[in-house]
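# Geometric and topological summary
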Amino acid sequence: MSTVRCPEGHPSTSTDYCDVCGAPIAAGGASTPAAAGPSPSAGPTTCPHCQSPAAAGALFCENCGYDFTTGATPAPLVPPAGVASTSSPSAATGEQPAVEATEVRTQEPATDPATGASPGPGPASAGGGLPTPAPDGPDSWVAEVWIDPDWYALQSPEDPMPSAGLPVLVPLRTRSALVGRPSVSRNIHPTIDCGADSGVSRRHCQLNTDGTRWWVEDLQSSNGTYVARVGEPLPQAPIPVGQRYELADGDRVYVGAWTRIVVRLALPGEV
């Protein structure tokens, strides 16, 4: 296999954009034989910047964006105001995030990465990130995110389960809400952040609504998306990938090693 050199001098097997820095490569760039070196499987297994696990041969850390090739340290990420995340404990301190003991925490939807603006009420328009039509009356929709010990016991993962604590309430103010884990390098900012649950894919599943009904769709996640009706035992089979599954009132959506999500109407004072 031959490679080309980008304007910054990095070798790249892609001829349009550099594999390392993403710089555009002029057409007709000089090809150079692929230099002998470590096998593609070689590479760091732990990020030297944030100590998160890294796949062998990865170019960037999916957690903090550290560049394994150049050693460039990522710029600090400033989260949108009001966002409450279920991210994992600090790798540097090993401390567990504080859990409110007297009230339910509320997570605001993340800023839209395409526009840089937070979603809010307004007229519906064509395209993604449309405002959720309000149901009759003053009610609003929320996603109730729990750590479920029974689901954790059924999955038997290697990671220790965090303290269940109180649920996280995520206001649902757009027609579509992504469920997953954030990634700085891939610019993934889920509406429902399951960052502490390593069994959840970066883009795990999508919640969609027409204003009165809700559907869930698995986005080719690694461990599947499961749904159980009220009163039913824990599900054993995931929903089909790429197909919208309509949620009934009180349905429980299970993802990852311990995460359970229930979409429901907000109670007075919750939102």
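Residues numbered from 1 in each chain as written. Predicted model: local features only at pLDDT ≥ 70, side-chain atom pairs only at ≥ 80, totals over all residues. Heavy atoms only, no water.

Glancing now at the overall build of the protein. Across its full length, the protein holds one helix and 14 strands. Burial analysis of the protein (271 residues in total) assigns 36% to the buried set. Relative to all contacts within the protein whose residues are 6 or more apart in sequence, the contacts with residues 24 or more apart total 53%. For the protein, the exposed surface amounts to about 15,000 Å²; the carbon and sulfur share of it is 54%. (Helix = DSSP H or I, 4+ residues; strand = E, 2+ residues; numbered from the N terminus. Buried < 20%, exposed > 50% of the residue type's maximum accessible area, 1.4 Å probe, protein only. Contact = heavy atoms within 4.5 Å. Areas by Shrake-Rupley, 256 points an atom, 1.4 Å probe, with all protein chains shown as cover.)

Take the nonpolar core next. Ranked by size, the top nonpolar core spans 22 residues in total, and within it Leu172, Ile192, Leu207, Val216, Leu247 and Ile261 carry the most contacts. Looking at this core, the elements with two or more residues in it are β5 (141–147), β6 (168–172), β7 (176–180), β9 (203–209), β10 (214–218), β13 (252–255) and β14 (259–265). Non-local contacts of Val216, meaning those with residues more than four positions away in its chain, are made with Cys205, Gln206, Leu207, Thr225, Val227, Ile239, Gln243, Arg244, Tyr245, Leu247 and Val253. One finds Cys47, Cys50, Cys61 and Tyr66 within the second-largest nonpolar core, a separate group that totals seven residues. (Core = buried A, V, L, I, M, F, W, Y, C linked by side-chain atoms within 4.5 Å.)

Next up on the list: the packing of aromatic side chains. The final tally for this structure, using the stated rule, is four aromatic pairs. One aromatic cluster is present, built from ring pairs that chain together Trp151, Tyr226 and Tyr254. (Phe/Tyr/Trp six-rings, centres within 6.5 Å; stacked < 30°, edge-to-face > 60°.)

Taken together, the five strands give an open sheet; going across it, the order is β8-β7-β9-β10-β12, and neighbouring strands pair in mixed fashion. Two strands bound the open sheet, and with one partner strand each, they are β8 (192–193) and β12 (245–247). By the bridge criterion, five bridges tie β7 to β9 in an arrangement that is antiparallel. Within β9, the residue paired with Val179 across the bridge is Cys205. (Pairing = 2+ DSSP bridges.)

Moving on to the side chain of Asp148. For Asp148, the location among the structural elements is in the loop between β5 and α1 (149–155). Classification of Asp148 as buried rests on a relative accessible area of 6%. Beyond its immediate stretch of four places on either side in the chain, Asp148 contacts Met161, Tyr254, Trp258 and Arg260.

For the structure on display, the rule yields four salt bridges. Where Arg213 meets Asp210, a salt bridge forms, and the shortest distance between an N and an O atom there is 3.0 Å. Exposure remark for Arg213: the relative accessible area of 39% places this residue in the partly exposed category. For Asp210, a relative accessible area of 30% puts it in the partly exposed group. (Salt bridge = Lys/Arg side-chain N within 4 Å of Asp/Glu carboxyl O.)

This brings us to the pairing of β5. The buried count for β5 comes to six of seven residues, which makes it a mostly enclosed element. Of the pairings in the sheet, the one linking β5 to β6 comprises five bridges and is antiparallel in character. Bridge pairing links Trp141 to Leu172 in β6.

The subject of this paragraph is the confidence of the model for the protein. Taken over all residues, the pLDDT of the protein has a mean of 74, while the share at 70 or more is 69%. Between residues 30–42, whose pLDDT stays under 50, and residues either more than four places distant or in other chains, the model counts 19 contacts. Counting contacts from residues 82–129, a segment whose pLDDT is below 50, to residues more than four positions away or on other chains yields 73 contacts. (pLDDT = per-residue confidence, 0-100.)

Take unusual backbone geometry next. In this model, Ser156 sits at a positive phi of 50°, which is unusual for a non-glycine residue. Within the secondary structure layout, Ser156 lies in the loop between α1 and β6. Given a relative accessible area of 57%, Ser156 falls into the exposed group.

This part is about the pairing of β14. Side-chain positions along a regular strand alternate between the two faces of the sheet. Among the seven residues of β14, six are classified as buried, and the element is accordingly described as predominantly covered. Sheet topology places β13 next to β14; three bridges connect them, and they run antiparallel. Opposite Val255, over in β14, you have Thr259 as the bridge partner. The loop that links β13 with its antiparallel partner β14 comprises three residues; one of these, Gly256, has a positive phi angle of about 65°.

Our next topic: the side chain of Arg260. The residue Arg260 is located in strand β14 in this model. Within polar-contact distance, the side chain of Arg260 engages the side chain of Asp148 at 3.2 Å. In contact with Arg260, other than residues within four places in its own chain, are Glu144, Val145, Trp146, Asp148, Arg252, Val253 and Tyr254. (Polar contact = N/O pair within 3.5 Å; in protein donor to acceptor, adjacent residues only side chain to side chain.)

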